[in-house]
Amino acid sequence: MLLQLLTALAALAGAACSLLAEGSGTGAVSGILPFTAGGFIYLGTVSVLPEILRDSGPAQALLQLLALLAGVAMMLLIAHYE
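Residues numbered from 1 in each chain as written. Predicted model: local features only at pLDDT ≥ 70, side-chain atom pairs only at ≥ 80, totals over all residues. Heavy atoms only, no water.

**Comments concerning the overall build of the protein chain**
A count of helices and strands for the protein chain gives three helices and zero strands. Walking the protein chain from its N terminus toward its C terminus, one meets helices and strands in the order α-α-α. Taken as a whole, the protein chain presents about 6700 Å² of accessible surface, with 77% of it coming from carbon and sulfur. (Helix = DSSP H or I, 4+ residues; strand = E, 2+ residues; numbered from the N terminus. Areas by Shrake-Rupley, 256 points an atom, 1.4 Å probe, with all protein chains shown as cover.)

Structure representation (structure tokens):
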């Protein structure tokens, strides 16, 4: 429960920081966006890759890995065209 509380407090602190940085321009966005995207990529790979390697055959693992890379590519496209 303590770790859940810590996670909730970190989310609250992140929301507060984003609200405070809202009007500060592109400098804040250029620093926050890579950090956030890296966090999502890290969480995705840490939770998905062990499942891929354990529960599927080579063809299924390749398809899932390609889907993971497609998600990363979509994040890059959204960041580029936003």
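**Points about the UniProt feature "signal peptide" (unreviewed entry) in the protein chain**
The positions that UniProt labels "signal peptide" (unreviewed entry) are, in the present scheme, residues 1-17. In this annotation, residues 1-17 is assigned 94% helix and 0% strand; the end-to-end C-alpha distance for the span is 24 Å. (UniProt positions renumbered as here; feature names shortened; annotations may be inferred.)

**Some points on a nonpolar patch on the surface**
A cluster of nonpolar side chains, Leu49, Leu62, Leu63, Leu65, Leu66 and Leu69, forms an exposed patch at the surface whose accessible area comes to about 540 Å². When residues in the nonpolar patch are grouped by element, the largest group, five residues, is from helix H3 (residues 58-81). Counting through the fold element by element, leucine 69 comes out in helix H3. (Patch = residues over 30% accessible without salt bridge, like charges linked within 9 Å, V, L, I, M, F, W, Y side chains within 5 Å. Salt bridge = Lys/Arg side-chain N within 4 Å of Asp/Glu carboxyl O.)

**Observations regarding the UniProt feature "transmembrane region" (unreviewed entry) in the protein chain**
Mapped onto this numbering, the UniProt entry gives "transmembrane region" (unreviewed entry) at residues 31-49 and 61-81. In the segment residues 31-49, helix accounts for 100% and strand for 0%; the C-alpha atoms at its two ends are 27 Å apart. Secondary structure across residues 61-81 comprises 100% helix and 0% strand; the distance between its end C-alpha atoms is 30 Å.

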